[in-house]
Each structure stands twice: as structure tokens, then as C-alpha cells.
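What the coordinates show
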Amino acid sequence: MCGIVGYTGSQNAAPLLLEGLKKLEYRGYDSAGIAVVEGNTIHIRKVTGRIANLCEKTGDGQGIPGTTGIGHTRWATHGAPTDTNAHPHTSNDGRFAVVHNGIIENYVELRRELTQKGYRFESETDTEVIVHLVEMYYGGDFKQAVMKAANRLRGSYALGIVCANEPGRIFVMREASPLIVGLGIGETYFASDVTAMVAYTRNVIYLEDGEFAELTPEGVQVYDCAGREIPKPISRITWDIQAAEKGGYAHFMLKEIMEQPRAAKATLAPRIQSGEVVLENLTLDWGKIQKIMITACGSAYYAGCAGKYTIEKLCRIPVQLELASELRYADPLVDEHTLLIVLSQSGETADTIAAMKECRNRGAQILAIVNVVGSTIAKLADCTLYTWAGPEIAVATTKGYTTQLLVLYLFALYAGKLRGTLKADQYHRLVGELRSLPRRMQLALDMNPRIPKLAKKYHKADSLFFIGRNTDYAVALEGALKMKEISYIHAESYAAGELKHGTIALIHEGQPVVALCCNPAVMEKTLSNIVEVIARGAEVLAVAERGNQTVLSVADDMLYVPRVDTLLSACVEIIPLQLLAYYVAKENGCDIDKPKNLAKSVTVE
Ligand code: M6R
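Now for a look at the structure at hand.

About the criteria used
Residues numbered from 1 in each chain as written. Predicted model: local features only at pLDDT ≥ 70, side-chain atom pairs only at ≥ 80, totals over all residues. Heavy atoms only, no water. Helix = DSSP H or I, 4+ residues; strand = E, 2+ residues; numbered from the N terminus. Buried < 20%, exposed > 50% of the residue type's maximum accessible area, 1.4 Å probe, protein only. Polar contact = N/O pair within 3.5 Å; in protein donor to acceptor, adjacent residues only side chain to side chain. Contact = heavy atoms within 4.5 Å. Expected span 1.5 Å × (residues − 1). Axes fitted to C-alpha atoms, helices over the stretch in contact; angles between N-to-C directions. Parallel < 35°, antiparallel > 145°, perpendicular 65-115°, else oblique. Nonpolar A, V, L, I, M, F, W, Y, C, P; charged D, E, K, R; others polar. 1 Å grid on protein atoms, 1.4 Å probe; cavity = no way out; pocket = protein on both sides within 12 Å on 5 of 7 lines; lining within 4 Å. Points joined across faces, edges and corners; volume = space filled by probe spheres on them. Domains from an automatic or database assignment. Salt bridge = Lys/Arg side-chain N within 4 Å of Asp/Glu carboxyl O.

If you trace the backbone, N101 turns up in strand 6 (residues 96–104). On the accessibility criterion, N101 (1% relative accessible area) is buried. For N101, the side chain forms a polar contact with the main-chain oxygen of C2, separated by 3.2 Å. The contacts of N101, once residues within four sequence positions are left out, are C2, I4, R27, H72, S156, Y157, A158, S177, S192 and T603.

Put into C-alpha cells, the structure is as follows:
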């Protein structure tokens, strides 16, 4: 979704802003713009479409003088993606410019009030009210004007505001949208994501909701909403800058698929010590927990679908799954006996945050499984287990999803032992199996060299069905999502046993069906379903353990996985399906890392 960046220092701001915006492209956007303060003038440049157009329009920023500026990538919500609706937005007197990530919920009433007072609106955006409010409240004190304007806003925002009267000063503010300040030597940055500034500084300050900050080349001063100075700790970004680069791969998605064995090691290694699962800071009141609820969106939700089987089996506790966008309005049956497990790669998904708050108000304990350090969800939870996957740039999650699964497996083993529902020998066998998963994930990558060829066969399909039972069904859900989001081919996942209750009517001559046959307990049943669709003309691409002659004898094509205990297999089974989606999308010439209409971090409802 929208991304914001800002810089104040002694270098030309525009080229740095453009570089920063390029790093935020992965979040998804449809227009972009920058505002640079030079003397008492603010230079604005905006374009519809890609940052490359903005670079072209500004000679890579060299054509715009000034050492303080703000930039924005916009993912349209209020108003179409046009140059006029693109940020930055300016006040009528041209004195202020603002960039905004989030949604101002009370913008209609503010717009009415400001219009009545004579302020002229140029765009259809909710954002524009902010800059007119600042102009209205400005009586010579920039900080006061920003504070007063902020007091009028409802909703979510990360903001950057510059003033032509005060070159070298930027105010930034955060409410339910990420905002990070970067401290350099004689220069200060801000961005909605550390990837935009990690090339320049690794010392950062995470703003909390309700805080705002004044940035100058000398540093930053953070204030609470009443304008009182507050001390803030400086955090150090430790991950390697190359983690956010493509490193020779054609796409971030392929790089991130290939990185999974390494990411898995980073997730597991610190948490398996001398054959025991060790979970840091898991300070839950275990005695109270009577049920577990898992909530998340998209792939994170599907990781929960697979994790449910493992937790229920090993911990003998009911696990309920809820989509966060539904849970938030469901008047849920949640109380102090509920453990809510929240899954999120970004840690900023608006629906997930809202569902979490809803359950917190009803007394649930909350465990978050998150990738982005310092993110909103990580901070809101009672306990957080990081997935340690490193930055994930491609919109389609891969290593984010598999490392979420791994943390769920760790949790299930840990809780199963603690609750006494898991026998010692089973525990030790599964811990050993868990430790071997990075190697097995590597095998799953290596044993499928035919996938690019298979993609040539299947890429013209109008639709694909993904079927499976039990844990295989959970993986089918994620396999279908991967296919549709990056290749734009309609894909539907179905519990194999449900086909004959309606959907089998859609099976026709040549209809591709991807059938997951990795779970030995239900394999024969899935085989019957495979035979049923073949009888109606389907072409079956099966996913099975290498050497499974029975599946081989009925399927048209095969994707292979190594043998893994069913309770831990989803993170291996998904790998050939990620590769299949990737190569099908490549055949179809799709924009794999930035699929149309999608955003990496869904910070609006
Ligand atoms: O950052 P989150 O894990 O909370 O994001 C949730 C979904 O938006 C996300 O998993 C989405 O479905 C993926 N990009 C799909 O690949």
C-alpha cells in the first residue's frame, strides 16, 4: 500500500527520495510524487504509474534543487490513480506539503468544514484535508499547527509535512500506520519501511501511535500527542542490505522461494537447543487456556489452516480459525480462556490489527507470530515470536508463509510437551524431524527441475483446481492463492471429498486439477477423487512423495516432495506449488513481484 519517505540534510534530497521510493515499490502503488523545499519554495513533481516515470520527469531528481523533501507512492483508495490525486498535496497558499499513508475516516466532515471556510480542494483524496488543516492552524508556529491538525484527525496515518517557511524541518506523525525515523550523520530520514533507508543508516527510531517527531539535519525530537518531549531508544537494523536486493535472480519472488531453507534455519536454529524446543519470552498463563483461536489474512490465514492440524493433534486443544476481516465484526466468543494466535508477515495488516484489538478487549491472551521487527502487531501482542525470515519484498509471500508454519510447529511441540499431551518419544522424534526441515525444503527445491516445462503446458489454462484432504487441503488453499495472485489464472482450492457435492460439475475435458497426495492417512481417499475427475476428462498434476508408484500410475504429471511427517509437511509440500505459480506467471508475462491491484502490506480495511 502507500509508502512514504523523507530526507533532510546537506545532500540533494530528490535523488535520495526517488531511491527510497524505489525500495518501497514492492508495497504496491499506482502513482508517485515528491516535494522538495528549496529556500522558501516547495517544488512538487507527481506522476501516474511507475517511479521510473518520475525519475524520467525529474532527470533522476537532479533537476530539482533542495536538501529537504518528502516522497510518496500511492495505492488509490479515495479517488482514481491520477496526477491530481497523487501525493504530495499542498496547501492553498503553497506553504505546506504533505504525504500520507493510511485513511482519514472523518475526511468528509473535515472537507465540508474546510470548504465552508473557503479552502479549495484540488483532489478527491482524504489526505488533502490534512494540509488545509495545517494551513488553517498555522500562526507562525509549525509544530503547533501540526499538533492542532492532528487532533482533528480520526483514522490511520503516517504523515510527513514540510513548510516553505522552515526549510530543513520536517514533521512526521504516526497513528496505526508504520513510521520509522533513520539517524545519519548530519542528516535524518523517515520512511514507512526500513528498506527505504537501510542503505544510508542502520540506526532507527520506531514511532508509536500518537507520537510525532520533528526532523532536522541534526537529529530528531519525538513528542507525545500533547507536545511533551519523550526519550526514545535507538534500534539497530542488523540484517544484511543484500537481503533486500535481488542478488542475481530475475524476481524477488524466485529469490525468496530459493531462500526458504536458509530462512527456515534462521527460524529454527535458535529455538531448538539440545533436542528441546525453547521459545523465548513465551509468558502465557497456560492454566487459563481452554481454546486457541487463530486469526490472520490471506496466506497467513492459510498457514493457520495447516497449523491447526498440528496444534490440535499434539496439544489436544480445540483450535478455531477465523479470517481477521470477519472476526473483527463477528461479536466473537472470546474470553480470558482464549489464546489468540495472530499471524502476519508485515505486522501491519489493518484487519488483523482490528481483530486482535477486538479479542484483547474481550480478555484473550495474544501471541503474535510476525516477521517485521517492531511492527504494530508485534507491539500489541502479549508475546511475540518472530519468524526471522528477513525482508520479504515480493508481494506474493513465500518464505513469510513457510516460516510462519515453522513457528506454529515449534509452538505445537512446545505446548504439547508442557501440557503433557505429547509422549516423550513422539516429542523427540518430531523435534528431530523439525530440525531436518531446512534440508528437506532444499530437496523439494532440487527435485523438481521439470517445473518450467510443466508451466509451458499449464499456463494457458483458464482455471485450475487444487484438491487435497486434511493437511493436503490446507496446502491446496495456499497453492491456489499463489497461482491466482501472480499468474491471474482463476484457481480454486477444494477439499477433495467435497467435489462431488457440486463442484465436480465444472470438471470437463482437459480441465487441469492439481491433486495433493502427500498425507498417507487419506491418500487412498484422494486417489478415488483423482480417478473421479480423470473419468470426467481432467488432466491431473499430482504432488506426492517421490517413488509413490500408485499416484504416478494415475496422474498425467508429477511434482515431487521428500518424505516428511504429515504434521510438519505443509512447509515442504508448498514449495513445488510456489515454483509452479512462479513459472506459470513468467510464461504469461505477468509482473510477478508486483501483481496488479495488490499491495504487500494491506494497511487499509
Ligand atoms: O502481512 P500479512 O501476513 O498480515 O499479510 C496478510 C496477507 O495480505 C498476505 O498473506 C497476502 O495474502 C499475501 N501477499 C499473499 O501472497
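In this section: helix 10 (residues 350–361). A rise of 1.5 Å per residue sets the reference length of helix 10, with its 12 residues, at 16 Å; its end C-alpha atoms lie 17 Å apart and thus fit the reference within 8%. When we look at burial in helix 10, the residues that qualify are A350, D351, T352, I353, A354, A355, M356 and C359. Here the buried face of helix 10 lies against strand 17 (291–296), helix 9 (324–327), strand 19 (338–344), strand 20 (365–370) and helix 11 (376–380). Trailing helix 10 by a residue or two, G363 shows a phi angle of about 100°, which is positive.

Between helix 8 (residues 298–315) and helix 16 (residues 471–487), the least distance of the axes is 8 Å, while the angle of their chain directions is 170°. The orientation of helix 8 with respect to helix 16, classified from their angle, is roughly antiparallel. In this structure, helix 8 contributes G298, S299, Y302, C305, A306 and Y309 to the contact, and helix 16 contributes T471, A474, L477, E478, L481 and K482. Among the residues forming the contact of helix 8 with helix 16, the class breakdown is 7 nonpolar, 3 polar and 2 charged.

Our focus in this paragraph is the layout of surface pockets. In this structure, the largest pocket encloses a volume near 900 Å³. As for the largest pocket, its lining consists of 47 residues, of which W239, N371, V372, G390 and P391 are closest to the centre. Every element with two or more residues in the lining of the largest pocket is listed here: strand 14 (235–236), helix 6 (252–258) and helix 7 (260–268). Counting residues per element, the lining of the largest pocket draws most heavily on helix 7, which supplies 3 residues. For the lining of the largest pocket, the per-class residue count stands at 20 nonpolar, 13 polar and 14 charged. Each of domain 1 (3–238) and domain 2 (249–446) gives at least three residues to the lining of the largest pocket. Of the pockets and cavities examined, the second largest pocket occupies roughly 610 Å³. Around the second largest pocket, the lining comprises 29 residues; the ones closest to its centre are C297, G298, S299, K600 and V602.

Any two side chains of opposite charge can pair, on the condition that their charged atoms come close. Enumeration over the complete set of coordinates arrives at 28 salt bridges. The closest approach of N and O atoms between E113 and K117, which form a salt bridge, is 3.0 Å. Look at K117 and you get exposed, because its relative accessible area is 51%. With a shortest N-O distance of 2.6 Å, K482 and E478 are connected by a salt bridge. Taken together, the residues span about one helical turn, with K482 and E478 both in helix 16 at a distance of 4 residues. No difference in accessibility class separates K482 from E478, as the two residues are buried.

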